[in-house]
Amino acid sequence: MRTLITLLAVLLTACTLFAQPAIWNETESQKTERLKWWTDARFGMFIHWGIYALPARHEWVKNQERLTTEQYQKYFDNFNPDLYNPREWAKMAREAGMKYAVITTKHHDGFCLFESQYTGYDAVNTPYGRDLIREWVDAFRAEGLKVGFYYSLIDWHHPHFTVDRVHPQRAGSQEEYDRMNEGRDMNIYRQYLKNQVREILTKYGKIDILWLDYSYPGENGKGRDDWDSVELLRMVRQLQPGIIINDRLDLKDMPGGWDFTTPEQFKVQSWPEIDGKKIPWETCQTFSGSWGYYRDEHTWKDTKQLLVLLIESVSKGGNLLLNVGPTARGTFDYRAVEALGNMGEWMKYNSRSVYNCTQAPEWIEAPEHSLLTYNPETKRLYIHLLDYPLTNFRLPGLKGKVKYAQFLHDASEILITAPYGHHMQGSIATENDLNLRLPVIKPPVEIPVIELFLE
Ligand code: GLC
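Note that this is a predicted model, so its numbers are computed, not measured.

**Student:** Go over the overall build of the protein chain with me, naming the residues and quoting the values.
**Tutor:** When you go through the protein chain residue by residue, the secondary structure sums to 12 helices and 16 strands. Principal-axis analysis of the C-alpha atoms places the extent of the protein chain at approximately 85 × 75 × 45 Å. For the protein chain, with 455 residues in total, the buried portion stands at 54%. Of the contacts formed within the protein chain by residues at least 6 apart in sequence, a portion of 71% connects residues at least 24 apart. One way to put it: in the protein chain the 52 positive side-chain charges average out to a point 3 Å from where the 60 negative ones average out.

**Student:** Which residues make up the site of the ligand, and what are the values?
**Tutor:** With respect to spatial proximity, 14 residues lie near the ligand, and among them His-48, Glu-59, His-107, His-108 and Glu-264 are the closest. Glu-59 places a side-chain nitrogen or oxygen 2.6 Å from an oxygen atom of the ligand. Contacts to the ligand include His-108, whose side-chain N or O atom sits 2.8 Å from an oxygen atom. In isolation the ligand exposes 310 Å². Once the protein is present, 95% of that is buried.

**Student:** Quick one: what's the story with the sheet that holds strand S3 (residues 146-152), residue by residue and with numbers?
**Tutor:** Reading across from one edge, S5-S4-S3-S2-S1-S9-S8 is the order of the 7 strands in this open sheet, with parallel pairing throughout. Since the sheet does not close on itself, it has two edges, and those belong to strand S5 (244-245) and strand S8 (282-286), each with one partner. Bridging between strand S4 (residues 209-213) and S5 involves 2 bridges; their strand directions are parallel. Paired with Leu-210 across the bridge in S5 is Ile-245.

**Student:** Give a detailed account of the packing of aromatic side chains, specifying residues and quantitative values.
**Tutor:** Taken as a whole, this structure holds 26 aromatic pairs when the rule is applied. Residues Phe-149 and Tyr-204 carry aromatic rings whose centres are separated by 5.7 Å and whose planes lie at 90 degrees to one another, so their mutual orientation is edge-to-face. Of the two residues, Phe-149 sits in strand S3 while Tyr-204 sits in the loop between helix H8 (186-202) and S4, which places them 55 residues apart along the sequence. Relative accessible area serves as the criterion here: at 2%, Tyr-204 is assigned to the buried category. Cluster of aromatic residues (ring-pair linked, three or more members): Trp-49, Phe-76, Phe-79, Tyr-84, Trp-89, Phe-111, Tyr-121, Tyr-128 and Phe-332. Lys-146 extends its terminal NZ or CZ atom over the ring of Trp-37, reaching a point 5.1 Å from the ring centre.

**Student:** So what's going on with the sheet that holds strand S15 (residues 434-437)? Residues and values would help.
**Tutor:** Spatially, the 3 strands line up as an open sheet ordered S12-S15-S14, and their pairing is antiparallel. Lying at the two open borders of the sheet, with one neighbouring strand each, are strand S12 (392-395) and strand S14 (415-416). Both S14 and S15 contribute to a ladder of 2 bridges, which runs antiparallel. If you follow Ile-416 over to S15, its bridge partner there is Leu-436.

**Student:** Go over the environment of Phe-114 with me, naming the residues and quoting the values.
**Tutor:** Residue placement: Phe-114 occurs in the loop between strand S2 (100-106) and helix H6 (132-142). Its relative accessible area of 0% is what places Phe-114 among the buried residues.

Cut-offs applied
Residues numbered from 1 in each chain as written. Predicted model: local features only at pLDDT ≥ 70, side-chain atom pairs only at ≥ 80, totals over all residues. Heavy atoms only, no water. Helix = DSSP H or I, 4+ residues; strand = E, 2+ residues; numbered from the N terminus. Buried < 20%, exposed > 50% of the residue type's maximum accessible area, 1.4 Å probe, protein only. Contact = heavy atoms within 4.5 Å. Lys, Arg positive; Asp, Glu negative; His and termini not counted. Charge placed at Lys NZ, Arg CZ, Asp CG, Glu CD. Near = heavy atom within 4 Å. Polar contact = N/O pair within 3.5 Å; in protein donor to acceptor, adjacent residues only side chain to side chain. Areas by Shrake-Rupley, 256 points an atom, 1.4 Å probe, with all protein chains shown as cover. Pairing = 2+ DSSP bridges. Phe/Tyr/Trp six-rings, centres within 6.5 Å; stacked < 30°, edge-to-face > 60°. Lys NZ or Arg CZ within 6 Å of the ring centre and 35° of its normal.

Note that all results are geometric; they support no functional claim without further evidence.
What follows is the structure in structure tokens.
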């Protein structure tokens, strides 16, 4: 009898121990499997759209100009994107080579593009009068893209969201914060947040990605306790078991608290790691400086810079989420249309070096001015020529390892030959190097790609 009681006690302790921290029980390989479509896809579209498209000077305009909700109201009252046609957007995304898209269902200003039963501050109550998300989801699914929702944890409109250091009405002293927050009850906001996340995850069918944004713990900041991140995430996992979630809930140290990391407007030096282990990642980037439509901002990246962003991400095992900020008429900025078209032109012929590809095996050294990607299933190595070389192209250490070489865009053979020239100085090739004989004229491709079939 005593042994039985001891056994029961041990079992009970074990159960509570295990029950506590697990937000999500999943093995490493189950996670890899769940994320597989996303790591294979590599390239997605971010869409930042809301009533900040009217001022057209950054999605943080309410904050940057410290506008009150009353001052900001004119953008809500005049929101009427009469040219909105998400089928056109979806087509442009697909033709650019993107495989998934993530749209802002609500940004920091609190405006909801979806019809919400918990607020009147949504698209349905603007002159436009319709749920923008419903049409968006249908259009993107119809083009074969996976769909994702961005949802802002921050809310500068909700009367119970406490004023903090990133709020438009941020205070100058602690006393002022205390005074401003009298009567504001974060419990009410927390419930609102949970209700809305449940709403977007139940009204539109299967949602592939959830992008929650963002936490800033510390003095007059907000983090996991303010959002009730653990419970929120449990609910999300329960409602959409297959969903992929970013890492901005302030749960980085909890197993199951996130799926991928999100370097923003930043090129990583190497594949991000935690405790020596490579982790899934996606960099989010803008064409120019702002996420929301910004009429007078002119620092737009050129086609080559954009392609390098994509290729370099894949070469380090990551994804690129590239942002478009549609106008208040509901169309893409003409500069974005042009950039997407140029990327699509390259992707049409070269996407084989992007989809299903990752970092090349460690033993392969990238030749000068090049980026490598690798498809582990087909054993093909892709050399992206950022600066087109002259005739002899040395591949260090690849002798005896390559069956065949060709340009990717037109499948034309590239000869494997001894280095060609006269009075050649220095060590052009060592015994283990391979030499390719490239045509003198650069192919008419922004970044030409050599495809090597490895042994
Ligand atoms: C930032 C900004 C925001 C943008 C986001 C995209 O956190 O607050 O405006 O939506 O990054 O990653």
